[in-house]
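Results of the structural survey
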Amino acid sequence: KKPSLLCPVFVVLEVLMEVLVPSVMALMIDKGMSGGSIGYILKIGAVLLVMSMMALVFGILAGTNAARASAGMARNLRKDMFHHIQEFSFSNIDRFSPSSLVTRLTTDITNVQNAYQMVIRIAIRGPIMLCFALIMAMGISRELSTIFFIVLPILAVGLFYIVIKAHPYFEAVFKRYDVLNRVVQENLNAIRVVKAYVREPYEIEKFRHISQEVFYQFKYAEKIVAWNSPLMQFCMYNCILLVSGLGARLIVGSRMTTGELTSMIIYAVQILSSLMMLSMVFVMVIMARSSAERIVEVL
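Summarised in this report is the structure supplied together with it. (Residues numbered from 1 in each chain as written. Predicted model: local features only at pLDDT ≥ 70, side-chain atom pairs only at ≥ 80, totals over all residues. Heavy atoms only, no water.)

**Comments concerning the nonpolar core**
Within the largest apolar cluster, 48 residues are counted, with the highest numbers of intra-cluster contacts made by F148, L152 and L272. Listed by contribution, the elements that provide at least two residues to this core are α1 (2–33), α2 (38–86), α4 (98–140), α5 (142–189), α8 (228–252) and α9 (258–298). Apart from residues lying up to four places away in sequence, L272 is in contact with V151, L152, L155, M232, C235, M236 and C239. With 17 residues, the next largest nonpolar core counts A166, F174, V225 and V283 among its residues. (Core = buried A, V, L, I, M, F, W, Y, C linked by side-chain atoms within 4.5 Å. Buried < 20%, exposed > 50% of the residue type's maximum accessible area, 1.4 Å probe, protein only. Helix = DSSP H or I, 4+ residues; strand = E, 2+ residues; numbered from the N terminus. Contact = heavy atoms within 4.5 Å.)

The structure is reproduced here in structure tokens:
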């Protein structure tokens, strides 16, 4: 519980450092480089170095606590499930099947563990980064900030569509995992009979068939999820092009400085990458949702 509470605190501090860095960089470009003051550049450079190191330390602490929290949660969950299975009647064991119970104790709990780690770290980091970066960007230029409000809904709708399309495949693949485990278990339990009657080719073919089914289900799901990256990059680079083009006009009109434009581009990357992080969390949570339901059935 303690690492679960500490992780979001360190995540917020890490994001604060990362969001403040572009603003400090803008000061260094506008006042230090334009004015040719080496002393000022060194002074701001030292501040940037300290902020970067602080962000690194907070990031390491956040990652460490997230790992401890998720691993501890998985350990407790696995222990409770195992003890609960010991009290099962034979009808319950037949209902779930031993192969299914093994999958729920291993693969399903691992999926929930990974999702929990992403939720307490990345799912908190994404929205905070999005909000802070938007606030800082609007403080620099409200005109350029309107670009984000146009691009963000397009990216959000695209990512949501990808998540919805991938969900059925992830649900189906866990059912195939149960069958895969059952095939392996049957083969190992009856290995003497299999060898005595020379049934190895039949068992190999049976395993190959179910293994191929798992492969194809995962392949289709990953193909859909793979659209995350090109969609993200399309929106990001278009956003940077628009910010650069409109920002150049504002610089010519003396309504913006070069340092502020540099900061706006960095904030654009931070805003869009935070949405990308959230999409990854959604995919992981959707995978874990199916696993969580299967765990709850046992408990």
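Now that the structure has been shown, we can carry on.
**A word on the packing of aromatic side chains**
Counting across every chain of the model gives five aromatic pairs. Centre to centre, the rings of F88 and F96 are 5.7 Å apart; their planes meet at 10°, and the pair counts as stacked. Like F88, the residue F96 is buried in the burial classification. Ring plane angle 55° and centroid distance 5.1 Å describe the contact between F215 and Y216, whose orientation is recorded as tilted. F215 sits in the partly exposed class, given a relative accessible area of 43%. Taking the ring centre of Y202 as reference, the NZ or CZ of R199 above it sits at 4.5 Å. (Phe/Tyr/Trp six-rings, centres within 6.5 Å; stacked < 30°, edge-to-face > 60°. Lys NZ or Arg CZ within 6 Å of the ring centre and 35° of its normal.)

**A short note on a nonpolar patch on the surface**
A grouping of L49, M53, L56 and I60 is seen on the molecular surface, where their side chains present a nonpolar patch of about 400 Å² in accessible area. Checked against the element boundaries, I60 lands in helix α2. (Patch = residues over 30% accessible without salt bridge, like charges linked within 9 Å, V, L, I, M, F, W, Y side chains within 5 Å. Areas by Shrake-Rupley, 256 points an atom, 1.4 Å probe, with all protein chains shown as cover. Salt bridge = Lys/Arg side-chain N within 4 Å of Asp/Glu carboxyl O.)

**Things to note about the environment of A26**
Take A26: it is sitting in helix α1. The exposure class of A26 is buried, given its relative accessible area of 9%. It is 18 Å that separates the C-alpha atoms of A26 and R249, two residues lying 223 residues apart in sequence. Each residue touching A26, except ones within four places of it in the same chain, is listed here: G259, E260 and S263.

Without other data, these values stay purely geometric and don't point to any function.
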